[in-house]
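Examination of the molecular architecture
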Amino acid sequence: MRPSVRLLRDPVHLLAFGLGAGLAPRAPGTAGSALALLPAWAMLAWPLPWRVAAVAAAFVAGVWLCGASAKRLGVHDHPGIVWDEIVGLCAAALAVHSHPAWLLLAFVLFRLFDVLKPWPIRDADHSLGGGLGIMLDDLLAAAYAAACLIAIQALLPAT
């Protein structure tokens, strides 16, 4: 099913499809993750607890939002649903504490783990239904990306 712009008239689909990023003809997940660079960059100035709270709230909202969108579409985890990628990139960016250029590395690592789906990401993706299943695999990909970011930052000399 190839959704059209008319789908975005529904506020649930508008948000779930990342304000239209999910309508990208190729790699809608990458388009959604690229869109997420904006809020992730804006949140870099926030204290870490606020950033964590914002990501947690977006995750909880996403469980309902993605589940409702998938149900209305009749397709579990439709590729156009990118709220999970938006939240996932913002979650990975929690490991970024300094220069915004680190967001680009967070983007690359998050996309890598979201596409490759190493264990247990693939299991979560296939075993859980509904909004939780849609959201959880991206949160796990974000955790892998964040772990890599933390390790890389720890290995680099302080500047």
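Data block above holds the structure.
What counts and how
- The numbering scheme is per chain: residues are counted from 1 as the chain's sequence reads.
- Residue-level local features of this predicted model are given only where pLDDT is at least 70; pairs of side-chain atoms are given and counted only at 80 or more, and the full residue set underlies all totals for whole chains, interfaces and linings.
- In computing side-chain properties, one takes all heavy atoms of the structure into account and sets aside hydrogens as well as water.
- Note on definitions: salt bridges are taken to be side-chain nitrogens of Lys or Arg within 4 Å of carboxyl oxygens of Asp or Glu.
- Working definition: with a 1.4 Å probe on protein chains only, accessible area under 20% of the residue-type maximum means buried, over 50% means exposed, and in between means partly exposed.
- For the purposes of this entry, the term helix denotes a DSSP run of H or I that reaches at least four residues, the term strand denotes a run of E that reaches at least two, and both are numbered from the N terminus.
- What a helix should span is 1.5 Å times the count of its residues minus one.

**Some details on the pattern of salt bridges**
Tallying each qualifying case throughout the model produces four salt bridges. A salt bridge links lysine 117 to aspartate 114; its shortest N-O distance comes to 3.2 Å. Using a relative accessible area of 15% as the deciding quantity, one classes lysine 117 as buried. Between aspartate 137 and lysine 117 there is a salt bridge, with its nearest N and O atoms 2.9 Å apart. Taken together, the residues span a long stretch of sequence, with aspartate 137 in helix H7 (residues 130-155) and lysine 117 in the loop between helix H5 (101-116) and helix H6 (121-127) at a distance of 20 residues. The pair formed by aspartate 137 and lysine 117 is uniform in burial state, with each residue classed as buried.

**Notes on H5**
Since the α-helix packs 3.6 residues into each turn, any two residues three or four apart lie on the same face. Taking 1.5 Å of rise per residue, 16 residues should cover 22 Å, and H5 covers 23 Å from first to last C-alpha, within 8% of that figure. Considered for burial, the residues of H5 that qualify are Trp102, Leu103, Ala106, Phe107, Leu109, Phe110, Arg111, Phe113 and Asp114. Just past H5, the residue lysine 117 takes up positive phi, approximately 50°.

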